[in-house]
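# Per-entry structural report
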Amino acid sequence: MKIAVAGAGYVGLVTAVVFADLGNEVICVDVDPAKVDAINKGKSPIYEPGVDELLQRNLEEGRLCATTDLVYATRESEVIFICVGTPPTETGEPDLRHVDEVAATIGRALNGYKIIVNKSTVPVGTGDRVRRIIEQHRVEPHEFDVVSNPEFLREGSAVHDTLNPDRIVIGADNPRAAMKIVELYAPLERPMLITNLATAEIIKYASNTFLALKISFINAIADLCERVGADVVQVAKAMGYDQRIGHAFLQAGLGFGGSCFPKDVQAFAHTMQRYGLDPSLFQQILAINEARPAQFVARIRERLGDLQGKVVGILGLSFKPNTDDIREARSLEVIRLLLQAGATVKAYDPVAMPRVRAIYPEVIYCRNAYEVAEGADALALVTEWNEFRQLNFERIRDLMRQPNLFDGRNLYDPQRMRKLGFYYYGVGRSADSNEFRGVL
Ligand code: UDX
């Protein structure tokens, strides 16, 4: 099938390389000539495991190319995916400007029947809006259909998630268009649901909001655990064994960041309001999340006292492991609060340091975790990269001025750390020394 993908961000680029790899002819479109250039040279403009290999292979085999020319790409294709960004406006509602621009250009370029598939995360009703814009800009009277096909990929495992989705949602008001998209996804052999446009648009927000709800829920429980001497890790584990609940997204800690959850929950709250419904459940998910970094830094201050002249080391800066994305990363707020309190901040992240350096040049960026620990009064784990799991903690302890460990992701075993001589704080984990715990 001939496909165009408008927008070469995380979603667009991954969609493009995966569809090319499945044997389709794909034209990747982006307004940024530097991105287009990089893609045509086989260099992924995003850090995402597996993308470079797929990009190079499909460029070499002539199934993929990139351009800034959306008119050309539209004319050459049967299916056009809209994967442009929908950043939040000041009110928290998604800015649909780029979606509108792409729709207008597609309208002007129509030279035959096309299916326009929206993958950008957009509020319910946007499919109809795209349809209206294309109609308004259509020069020749060609038919077209609009489909909503929400994307559930996670950064860091985007290629894997795109190839192995739990489900594929295809929202279309015309069965002809739906069947074409079913055909496109058939090689993946995954469950597909065909719905109307509005249903598909809601599925995306409802899913992301529910996952964010799980995280804020367990974080609220973590706060209670701290007050009463309980351990939230065990609470979550026991809850997760109930198959109706499941273990996923019940890790307490610094909360969620990234380009999706914070903005999607906020947008969904707005949608509720727009339709006269109570948004407070959704607002509360955000409120709990926003309080996490300040609470974490408060624990550091309780331990160290005045932070003037104190050195705090940060392990991990990206919003989660395996990505260089720092959008809404918890590290940014933790660093801001530490600097504001007068601390000297050292940090290390395997890939995200250049991005954070642009925001906080005053932070001391290090080559590894040990360099961060050197002379530090506290070490704070913010992002649980794999390489932080098996550090040599005897060495870390000896390098630190004071062995204080603040585990923002509950990555480490509290008993082990305390035995090694650390003061250990884990989010929602009490300081009791019960040796007989765990799952038998
Ligand atoms: C998310 C959705 O998972 C994905 O389906 C959607 O398409 C885009 O948004 P992503 O933002 O890439 O994906 O990251 P995800 O792995 O879901 O993590 C989001 C945030 O939640 C991270 O900051 C992570 O650290 C945090 N998190 C996740 C927790 O704090 N606890 C958990 O138990 C799980």
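Predicted, not measured: the structure shown is a model, and the values here were computed from it.

### Thoughts on the overall build of the chain
Within the chain, the secondary structure is distributed over 17 helices and 14 strands. In terms of C-alpha radius of gyration, the chain reaches 24 Å, essentially the compact-globule figure of 22 Å for 440 residues. When its C-alpha atoms are laid out on the principal axes, the chain stretches across 75 × 45 × 45 Å. Looking at the 440 residues of the chain, the share that counts as buried comes to 54%. The long-range share in the chain, meaning contacts at least 24 apart out of those at least 6 apart in sequence, stands at 71%. Here the chain displays about 19,500 Å² of accessible surface, and carbon together with sulfur accounts for 51% of that area. Computing the positive centroid from 50 side-chain charges and the negative centroid from 57, the chain places the two 3 Å apart.

### Description of the nonpolar core
Of all hydrophobic cores here, the largest spans 64 residues; its most connected members are Ile 300, Ile 314, Leu 338, Phe 388 and Tyr 412. Here this core takes 5 residues from helix α13 (residues 330-340), the largest share from any one element. Contacts of Ile 300, omitting those with residues within four sequence positions, involve Gly 305, Leu 307, Val 312, Leu 338, Ala 378, Ala 380 and Phe 406. One finds Leu 13, Val 14, Cys 28 and Val 117 within the second-largest nonpolar core, a separate group that totals 41 residues.

### Considerations on the sheet that holds strand β8 (residues 192-195)
Strand order in the open sheet made by the 8 strands is β3-β2-β1-β4-β5-β6-β7-β8, with mixed pairing throughout. Looking at the sheet topology across the chains shown, the edges are occupied by β3 (64-67) and β8. Shown here is a sheet whose adjacent strand axes are inclined to one another by a mean of 25 degrees, direction ignored. Of the pairings in the sheet, the one linking strand β5 (residues 114-118) to strand β6 (residues 144-148) comprises 5 bridges and is parallel in character. Across the sheet, residue Lys 114 finds its bridge partner in β6, namely Phe 144. Strands in contact with helix α1 (residues 10-21) are β1 (2-6), β2 (25-29), β3 and β4 (79-82); relative to β2, the strand with the most contacts, it is inclined by about 165 degrees.

### Quick look at the pairing of strand β12 (residues 378-381)
Residues Ala 378 and Ala 380 point to one face of β12 and Leu 379 and Leu 381 to the other, with burial holding for every one of them. By the bridge criterion, 4 bridges tie strand β9 (residues 311-315) to β12 in an arrangement that is parallel. Looking at β12, one finds that Ile 314 is bridged to Ala 380. In terms of strand pairing, β12 meets strand β13 (residues 404-407) through 3 bridges, oriented parallel. Each bridged residue has a counterpart across the sheet, and for Ala 380 the counterpart in β13 is Phe 406. Note that the unit made of β12, helix α16 (residues 393-399) and β13 has a crossover that is right-handed.

### A closer look at the site of the ligand
Taken together, 19 residues sit near the ligand, with Phe 152, Leu 153, Glu 155, Gln 251 and Lys 320 positioned nearest. Here Gly 255 contributes a backbone N or O atom positioned 3.5 Å from an oxygen atom of the ligand. Phe 319 is positioned with one of its backbone polar atoms (N or O) 3.0 Å from an oxygen atom of the ligand. Burial of the ligand by the protein amounts to 92% of the accessible area it has alone, namely 670 Å². Broken down by class, the residue content of the shell around the ligand amounts to 9 nonpolar, 4 polar and 6 charged. When we break the shell around the ligand down by domain, the ones giving at least three residues each are domain 1 (2-195) and domain 2 (229-426).

### Considering the packing of aromatic side chains
For the coordinates displayed, the defined rule picks out 13 aromatic pairs. With a centroid separation of 6.1 Å and 65 degrees between ring planes, the pair formed by Phe 249 and Phe 261 is classed as edge-to-face. Taken as a pair, Phe 249 in the loop between α10 (232-241) and α11 (261-274) and Phe 261 in helix α11 lie far apart in primary sequence, 12 residues in all. Here Phe 261 falls in the buried class, since its relative accessible area comes to 12%. Ring-pair connections join several aromatic residues into one group, and the members of that group are Phe 296, Phe 406, Tyr 423 and Tyr 425. The lysine or arginine in question, Arg 167, covers the ring of Phe 152, its NZ or CZ lying 3.6 Å from the ring centre.

### Details of the pattern of salt bridges
Enumeration over the complete set of coordinates arrives at 27 salt bridges. The shortest N-O distance in the salt bridge between Lys 180 and Glu 78 comes to 3.2 Å. Linking Lys 180 in helix α8 (residues 175-185) with Glu 78 in the loop between α4 (70-76) and β4, this pair joins segments that are 102 residues apart in sequence. Taking relative accessible area as the criterion, Lys 180 reaches 24% and is therefore assigned partly exposed. Under the relative-accessibility criterion, Glu 78 is labelled partly exposed at 31%. Between Glu 151 and Lys 119 there is a salt bridge; the shortest N-O distance is 3.0 Å. Of the two residues, Glu 151 is situated in the loop between β6 and α7 (158-163) and Lys 119 in the loop between β5 and α6 (126-137); the sequence distance between them amounts to 32 residues. There is no split in this pair, since Glu 151 and Lys 119 are both buried. If you follow the salt bridges from partner to partner, you end up with Asp 128, Arg 131 and Asp 173 in one network.

The rules we used
Residues numbered from 1 in each chain as written. Predicted model: local features only at pLDDT ≥ 70, side-chain atom pairs only at ≥ 80, totals over all residues. Heavy atoms only, no water. Helix = DSSP H or I, 4+ residues; strand = E, 2+ residues; numbered from the N terminus. Rg over C-alpha atoms; globule rule 2.2 N^0.38 Å. Buried < 20%, exposed > 50% of the residue type's maximum accessible area, 1.4 Å probe, protein only. Contact = heavy atoms within 4.5 Å. Areas by Shrake-Rupley, 256 points an atom, 1.4 Å probe, with all protein chains shown as cover. Lys, Arg positive; Asp, Glu negative; His and termini not counted. Charge placed at Lys NZ, Arg CZ, Asp CG, Glu CD. Core = buried A, V, L, I, M, F, W, Y, C linked by side-chain atoms within 4.5 Å. Pairing = 2+ DSSP bridges. Axes fitted to C-alpha atoms, helices over the stretch in contact; angles between N-to-C directions. Right-handed = clockwise from strand over helix to strand, strands pointing away. Near = heavy atom within 4 Å. Polar contact = N/O pair within 3.5 Å; in protein donor to acceptor, adjacent residues only side chain to side chain. Nonpolar A, V, L, I, M, F, W, Y, C, P; charged D, E, K, R; others polar. Domains from an automatic or database assignment. Phe/Tyr/Trp six-rings, centres within 6.5 Å; stacked < 30°, edge-to-face > 60°. Lys NZ or Arg CZ within 6 Å of the ring centre and 35° of its normal. Salt bridge = Lys/Arg side-chain N within 4 Å of Asp/Glu carboxyl O.

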